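# Chains, contacts and geometry: an overview
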Amino acid sequence: MFNKLFKKSKNEEELTNNQEEVITKKESEDTNDISDDNIEQSKTGFFGRLKEGLEKTRRGISDKVDDIIKSYQKIDEELFEDLEEVLIMADVGLETTERIIEDVKDKVKERKLTEASEIKSILKEELKEILEDVEGKSKLNINPSPAIILVVGVNGVGKTTTIGKLAYRFREEGKKVLLSAGDTFRAAAIEQLSEWANRANVDIISHSEGSDPAAVIFDGIQAAKARNMDILICDTAGRLHNKKNLMNELNKIFRIVGREYPNATKEVLLVVDATTGQNAVMQAKVFKEACNITGIALTKLDGTAKGGVIFAVQSELNVPVKLVGVGEGINDLQDFDPENFVDAIFPE
Ligand SMILES: Nc1nc2c(ncn2[C@@H]2O[C@H](COP(=O)(O)OP(=O)(O)OP(=O)(O)O)[C@@H](O)[C@H]2O)c(=O)[nH]1
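Bear in mind that the values here come from a model prediction, so they are computed numbers and not experimental data.

UniProt records the feature "domain: SRP54-type proteins GTP-binding" (unreviewed entry) at residues 320-333, using the numbering of this structure. The span residues 320-333 carries 0% helix and 43% strand; its end-to-end C-alpha distance comes to 16 Å.

Quick look at the structure:
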């Protein structure tokens with residue numbers, strides 16, 4: 001199982017010094033989990049799954065907005081205050097909530113609206129605008145191939161799961177996918193990623209626990225080039241002890257990628273956990289200062305009423321949310337679509 005795949009230069013040798021490279025070849029059959037997921041997926045469809053996943057957030061926002069509308073006949077200042085409270089409770093964040101309320105007030109004034117029942121469609125329109133109002137838009141940067149996706153984020157947010165789900169999806173689309181286990185801090189992280197590689201039926205490059213993450217990424221790149229891979233997805237260590245260390249760790253990886261894979265299309269995907277609410281926004285700010293994030297994956301939206309955090313993430317960071325996680329299954333990662341997202345929170 002232990003193969004030395006490539007001849008290395010002196011510099012490269014330093015990176016992989018004393019580390020074993022483990023290349024794991026996957027069995028070709030899919031697991032039962034995957035076929036169960038497929039059956040489940042075809043039953044509910046993507047929008048149905050999104051709606052299901054956003055159930056708690058819907059109850060926290062849409063149902064409460066309905067209650068407000070019922071208790072006010074006419075639009076007045078108090079109605080706006082109640083609306084503001086609902087958004088803050090749903091973790092939309094103070095700054096973003098204020099922006100939304102001001103814009104809704106402007107629209108109400110411009111259109112000379114007076115009935116409380118007219119507020120919901122204005123709010124919906126405003127929320128869609130906030131989610132669409134971001135540079136770079138929501139498509140993952142993976143074209144043209146070869147592409148490399150560096151996945152960053154603190155421990156426990158769902159990085160490994162997101163990589164596994166992505167790998168499965170790309171492979172289903174007929175792409176050649178390779179994983180690189182750059183979170184070498186914990187042996188469990190490497191094992192977990194290997195399990196996901198198995199489920200997704202893709203290969204993985206990993207070293208032993210405690211080895212240099214940049215070395216694993218280096219070997220991943222060499223393997224991706226040698227095997228003509230379309231997409232290399234790299235896990236990275238998720239320690240957020242302080243910004244300087246984080247920057248050092250990530251910068252080393254970015255230097256390797258820049259030097260060894262200059263022509264690859266690059267995506268730096270930050271994974272944040274929706275259940276942590278405003279904490280997710282704080283983490284995103286730290287990572288944005290530490291490296292050039294090109295997209296965000298917001299996970300665990302199904303487990304929380306704090307789904308409103310997506311509005312804060314998008315409007316305060318100006319980095320597009322590209323993926324949303326709505327469950328633990330292999331199919332529960334969706335491309336983020338602002339229109340569908342708001343429609344799922346405010347069903348007709
Ligand atoms: N409900 C739900 N759970 C999720 C989602 N994404 C990930 N999880 C779960 O969150 C837990 C942590 O996910 P991991 O992928 O291990 O997180 P990580 O960031 O790689 O964490 P470390 O392995 O500690 O670095 C696991 O139990 C996942 O199944 C999601 O979208 N919804």
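Our next topic: the site of the ligand. Lining the immediate environment of the ligand, one finds 18 residues, of which Gly156, Thr160, Thr161, Asp302 and Glu328 sit closest. Gln192 is positioned with one of its side-chain polar atoms (N or O) 2.7 Å from an oxygen atom of the ligand. Within the contact set of the ligand, a nitrogen atom lies 2.7 Å away from a side-chain nitrogen or oxygen of Asp302. If the ligand stood free it would expose 640 Å²; the protein chains cover 81% of that surface. In terms of residue count, helix 7 (residues 159-172) provides more of the shell around the ligand than any other element does, four residues in total. Tallied by class, residues from the shell around the ligand come to three nonpolar, eight polar and seven charged.

The next point concerns unusual backbone geometry. Of the consecutive residues Asn143 and Pro144, the connecting peptide bond is found in the cis state with omega at 0°. Mapped onto the elements of the fold, Pro144 is located in the loop between helix 6 (119-132) and strand 2 (147-152). The step from Ser145 to Pro146 runs through a cis peptide bond, and the omega angle for that step is 5°. Here Pro146 lies in the loop between helix 6 and strand 2. Here Asp91, not a glycine, exhibits a phi torsion of approximately 70°, which is positive. Position of Asp91 relative to the elements: it lies in the loop between helix 4 (77-89) and helix 5 (94-110). The phi dihedral of Lys300 is positive, around 60°, even though this residue is not glycine. By the element assignment, Lys300 lies in the loop between strand 7 (295-299) and helix 12 (309-317).

Here is what the cut-offs are and how they apply
- Residues numbered from 1 in each chain as written.
- Predicted model: local features only at pLDDT ≥ 70, side-chain atom pairs only at ≥ 80, totals over all residues.
- Heavy atoms only, no water.
- UniProt positions renumbered as here; feature names shortened; annotations may be inferred.
- Helix = DSSP H or I, 4+ residues; strand = E, 2+ residues; numbered from the N terminus.
- Near = heavy atom within 4 Å.
- Polar contact = N/O pair within 3.5 Å; in protein donor to acceptor, adjacent residues only side chain to side chain.
- Areas by Shrake-Rupley, 256 points an atom, 1.4 Å probe, with all protein chains shown as cover.
- Nonpolar A, V, L, I, M, F, W, Y, C, P; charged D, E, K, R; others polar.

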